[in-house]
Amino acid sequence: MSLVVSAGGHPFYLQAGKGFSISKPKGYKICPRAAVVEATPRVNGSPSSTSIQVLATDRAEELKAEARALARAADASVYSPQLLAKKYGSRPVKAVKRTLEILVALGTFALKLFLDQKNGTLDQNKRKRAAELRTIFTRLGPTFIKLGQGLSTRPDLCPPEYLEELAQLQDALPTFPNADAFSCIETELGMPLESIFSSISPTPIAAASLGQVYKARLKYSGKTVAVKVQRPGIEEAIGLDFYLIRGLGFFINKYVDIITTDAVALIDEFASRVYQELNYVQEGQNARKFKMLYADKEDILVPDIFWNYTSGKVLTMEWVDGVKLNEQAAIERQGLKLLDLVTTGIQCSLRQLLEYGYFHADPHPGNLLATPEGKLAFLDFGMMSETPEEARFAIIGHVVHMVNRDYEAMARDYYALDFLSADVDVSPIVPALRDFFDDALSYTVSELNFKTLVDGLGSVLYQYPFNVPPYYALILRSLTVLEGLALYADPNFKVLAASYPYFAKRLLTDPNPYLRDALIELLFKDGRFRWNRLENLLVQGSKDRDFSAKDALQPVLKLLLGPDGEELRTLVIKEAVRVTEAVTLCTFVDTYNSVPSFMRSLIFNGNGALAMSSAELQSMMELRDQVFRIWGLLRSSENFDPALLQPILQILQQPEARSLGGRVVGGITQRLAARLLQQVLQMPMAPTSSLSALDTR
């Protein structure tokens, strides 16, 4: 059996059998180098051997293969504004020519839009203009293709017609000749093509901005793989564009006052990320790290990297069958729900941004696949970024402050987020935050969409000396992409509502001191415990499958009994007295109401028991019922087991805990004794009602 592969118009004949042979056109050179032996195959991401010695050998071979891949990529380019300025500053003719090319292309398009608006045909020609813009971006090359990819995920910025056309920029781009691709593979890996693959697709199965992908089968193991090959001349193309764009950034910084962010810094950050994408060994290492951190969840899939067949310009990774996340109809035909997959993506993104801080900065639909098994597969790990540790906790704290409408604390958060330098006074920012959020939070926070918050905060950022750090811009892009995908399926989707379970779980279970303080701030106000907030956190947190009642209880007790917990203990004692009193008295009420009427007069001599106001008694009943509901939520946790309370009992044996219990009992005794004495002395309470007034029978 043979397979014909076209390469630059020349046929290759792939002969199947014991190996495969390639009949190639005259003049086409294949480098005769010894094949590198592939590392021992793995099954389902786990070593197939049961021997620890074999596992160690496999790992050693993998590390050696990765080291060889690193050596092959030793001359990979890195972004250097100085080198670009030196290179293209001495070539003004080329720079001017490219500038004119960009201005003519985009200026012509803008003129057409102006004429459409003037003639009243703007809506009529929308589809046509969208296709023209896609063609323009494609013709202008990789830098503008990436711009179009970003716009394709922003339904808040682009009409649906533009979204659909620009979405084709994800992987439906012009290809380059197979001959160039195959020559690149052989040159980079130092092996003839037939020693690597037993078969390879006759044409690329996808073409992206920086490279194109083939589907192949490894000769050694028979595994199906995706082989990404870099476009020839890509460094020259993006280098000139970034040189010109950086010059525009200097112009913006100097003359455009409305933009307070350092445009040059943002451009440099984006350019450095794109240059990192040009090093496929770096991408492979990114994928390995991403898999280690996040593929522990059963609904997340990250492909393996084959280091023996990877270099600076060639990346070989495990093949993943799946449907792009923006193809809703195809996803539903597999019996899957797009919103479930998007929610999985949001939960994974929150872990990336706020747990480990290492996140996928380019999650466009072409890089997210829904597998037939219902997993969300991440692809293309060229553009990654990191959230600083201090900022991770500050973001969660910022959400707490937003819920509490604590605008002074929100303003102070911008120091930790590195939005403001320490010498900037935040007091003038507080009224602007209050004006926006008092209106935006007229409903619950979960009813807001991410776009509303971004737009509102954006208006605040423009008015004050904020400097948005590059990592934050990439976070916004990551979350707006996911929200944009969800809006295809449900225009009413709210990314904050989908994020609530994760935030609630982190607040309830994370022992980090910053988050413990944020939880206390959320639950206590004016010396009173807000049980409704705790109940809501438990309801939301329990929706996260990683939520654990054990994890939620133990950090709180340790903090309560710690050396710095005196102030909290005082608040907890007061609340414990109030709750115990409510449970005791409401139990008495239930008992009293269950006694037949004729017996009440005999027991209480016709007088009401422990007279109190109806409003006070109603409040106590509501508190007791809420506490019972919260206990029920804890018990309903999947991993709840009475044995889990053993560590808590050990903590309660500490002297500080016994003292705490004594203070609670003392407080309850005083309250009940005061009520009993009041009843005995028949001291009036206005307005009063006997317990029988709340007879619920």
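Just so you know, these numbers come straight off a predicted model, no measurement behind them.

## Some thoughts on the overall build of the protein
Along the protein, the regular secondary structure elements total 26 helices and 18 strands. Sequence separation of at least 24 residues holds for 72% of the intrachain contacts in the protein that already meet a minimum separation of 6. Accessible surface, the protein as shown: approximately 33700 Å² in total, 58% of it carbon and sulfur.

## Structural notes on the sheet that holds strand β14 (residues 368–370)
Taken in spatial order, the four strands of this open sheet run β10-β15-β14-β12, and their pairing is mixed. The open sheet is flanked by β10 (300–301) and β12 (323–324), the only strands paired with a single partner. Sitting on the sheet, helix α12 (residues 338–356) is in contact with β10, β14 and β15 (376–378), with an inclination near 45° to β15.

## Overview of the packing of helix α8 (residues 234–255) against helix α9 (residues 263–277)
Two elements in contact, α8 and α9, have axes separated by 8 Å at closest approach and are oriented at 165°. In terms of their interaxial angle, α8 and α9 are classed as roughly antiparallel. Judged by the twist between their axes, the crossing of α8 over α9 is right-handed. The segment α8 lies against α9, with Glu235, Ile238, Gly239, Phe242, Ile245, Arg246, Gly249, Phe250, Ile252 and Asn253 engaging Ala263, Val264, Ile267, Asp268, Phe270, Ala271, Val274 and Tyr275. Broken down by class, the residue content of the contact of α8 with α9 amounts to twelve nonpolar, three polar and three charged.

## A word on the pairing of strand β11 (residues 314–318)
Counting buried residues in β11 gives four out of five residues, a clear majority hidden from the surface. For strand β9 (residues 224–230) and β11, the ladder comprises five bridges, and the chain directions are antiparallel. Note that in β11 the partner of Lys228 across the bridge is Leu315.

## Section: the packing of helix α22 (residues 566–594) against helix α24 (residues 614–635)
Two elements in contact, α22 and α24, have axes separated by 8 Å at closest approach and are oriented at 105°. If you check the angle between α22 and α24, you find them roughly perpendicular. Of the residues in α24, those touching α22 at Arg578, Val579, Glu581, Ala582, Val583, Leu585, Cys586, Thr587, Val589 and Asp590 are Leu617, Met620, Met621, Leu623, Arg624, Val627 and Phe628. Residues that form the contact of α22 with α24 fall into these classes: twelve nonpolar, one polar and four charged.

## What about the packing of aromatic side chains?
Scanning the model with the defined rule gives 14 aromatic pairs in all. Here Tyr294 and Tyr356 contribute two aromatic rings whose centre-to-centre distance is 5.7 Å and whose plane-to-plane angle is 70°, an arrangement assigned as edge-to-face. Here Tyr294 is found in helix α10 (residues 280–294), whereas its partner Tyr356 is found in helix α12, with 62 residues between them in sequence. Judged by relative accessible area, Tyr294 falls into the buried class, the value being 0%. In this structure Tyr356 comes out as partly exposed when scored by relative accessible area, which is 37%. A network of ring pairs unites the aromatic residues Phe290, Tyr294, Tyr356, Phe378 and Phe381 as a single cluster.

## Comments concerning a nonpolar patch on the surface
On the surface, Val96, Leu100, Leu103 and Val104 cluster together into a nonpolar patch covering about 380 Å² of accessible area. Looking at where Leu103 falls in the secondary structure, it is placed in helix α3 (residues 92–119). For Leu103, a relative accessible area of 55% translates into the label exposed.

## Brief notes about the environment of Asp304
You can see Asp304 is positioned in the loop between β10 and β11. Sequence-wise, Asp304 and Met317 are 13 residues apart; in three dimensions their C-alpha atoms are separated by 5.6 Å.

## A word on the pairing of strand β8 (residues 211–218)
Most of β8 sits inside the fold, with six of its eight residues counted as buried. Across two bridges, strand β7 (residues 206–207) lies against β8 in antiparallel orientation. Across the sheet, the residue bridging to Ala207 is Gln212, located in β8. Here β7 hands over to β8 after three residues, the two strands then running antiparallel side by side. Counting the residues between successive antiparallel strands, the hairpin from β8 to β9 contains five residues, one of them, Gly222, with a positive phi of roughly 80°.

## Observations concerning the nonpolar core
Ranked by internal contacts, the top residues of the largest apolar core, which has 129 residues, are Phe290 and Leu325. When residues of this core are sorted by domain, at least three fall in each of domain 1 (178–235 + 279–382) and domain 2 (548–596 + 613–676). Dropping the residues within four chain positions of it, Phe290 is found in contact with Ala295, Val302, Cys348, Gln352, Tyr358, His360, Phe378, Phe381 and Met384. Ala181, Ile185, Leu189 and Val314 belong to the second largest nonpolar core, which has 20 residues in total.

## Remarks on the side chain of Asp241
Mapped onto the elements of the fold, Asp241 is located in helix α8. A distance of 2.7 Å separates a polar atom in the side chain of Asp241 from a polar atom in the side chain of Arg98. With residues up to four places along the chain from it excluded, the contact list for Asp241 reads Arg98, Ile102, Leu140, Thr143 and Phe144.

## Remarks on the pattern of salt bridges
Tallied over the entire structure, the rule returns 26 salt bridges. Here Glu408 makes a salt bridge to Arg434, at a shortest N to O gap of 3.3 Å. Here Arg434 lies in helix α15 (residues 429–440) and Glu408 lies in helix α14 (residues 407–416), a separation of 26 residues in the sequence. Two residues, Arg506 and Asp510, come together in a salt bridge whose shortest N-O distance is 2.9 Å. Summarising the burial analysis for this pair, Arg506 and Asp510 share the class buried. One connected set of salt bridges, linked through shared partners, spans Lys87, Arg91, Lys94 and Glu236.

## A few points about α10
With 15 residues, α10 should reach 21 Å at 1.5 Å per residue; the first-to-last C-alpha distance of 21 Å fits that figure. Here α10 has its buried residues at Tyr280, Val281, Glu283, Gly284, Gln285, Asn286, Ala287, Phe290, Leu293 and Tyr294. Where α10 begins, the capping side chain belongs to Asn279, and its oxygen is found 3.1 Å from the backbone nitrogen of Val281.

## Brief notes about the environment of Ser427
Mapped onto the elements, Ser427 comes out in the loop between α14 and α15. Here the alpha-carbon distance between Ser427 and Glu408, two residues 19 residues apart in the chain, equals 7.5 Å.

## Section: unusual backbone geometry
The residue Asp380 is not glycine, and still its phi comes out positive at about 60°. Tracing the sequence through the fold places Asp380 in the loop between β15 and β16 (384–386).

## Looking at α14
α14 sits mainly inside the fold: seven of its ten residues count as buried. Among all positions in α14, only Tyr407, Ala409, Met410, Ala411, Asp413, Tyr414 and Ala416 are buried.

## Remarks on the confidence of the model for the protein
Keep in mind that low pLDDT regions are not for reading the predicted coordinates in detail. Across the protein, pLDDT averages 77, with 74% of residues at or above 70. Note on residues 605–609: pLDDT under 50 across the span, and eleven contacts to partners over four residues away in sequence or across chains.

Quick notes on the rules
Residues numbered from 1 in each chain as written. Predicted model: local features only at pLDDT ≥ 70, side-chain atom pairs only at ≥ 80, totals over all residues. Heavy atoms only, no water. Helix = DSSP H or I, 4+ residues; strand = E, 2+ residues; numbered from the N terminus. Contact = heavy atoms within 4.5 Å. Areas by Shrake-Rupley, 256 points an atom, 1.4 Å probe, with all protein chains shown as cover. Pairing = 2+ DSSP bridges. Axes fitted to C-alpha atoms, helices over the stretch in contact; angles between N-to-C directions. Parallel < 35°, antiparallel > 145°, perpendicular 65-115°, else oblique. Left-handed = near helix turned anticlockwise from the far one by under 90°. Nonpolar A, V, L, I, M, F, W, Y, C, P; charged D, E, K, R; others polar. Buried < 20%, exposed > 50% of the residue type's maximum accessible area, 1.4 Å probe, protein only. Phe/Tyr/Trp six-rings, centres within 6.5 Å; stacked < 30°, edge-to-face > 60°. Patch = residues over 30% accessible without salt bridge, like charges linked within 9 Å, V, L, I, M, F, W, Y side chains within 5 Å. Salt bridge = Lys/Arg side-chain N within 4 Å of Asp/Glu carboxyl O. Core = buried A, V, L, I, M, F, W, Y, C linked by side-chain atoms within 4.5 Å. Domains from an automatic or database assignment. Polar contact = N/O pair within 3.5 Å; in protein donor to acceptor, adjacent residues only side chain to side chain. Expected span 1.5 Å × (residues − 1). pLDDT = per-residue confidence, 0-100.

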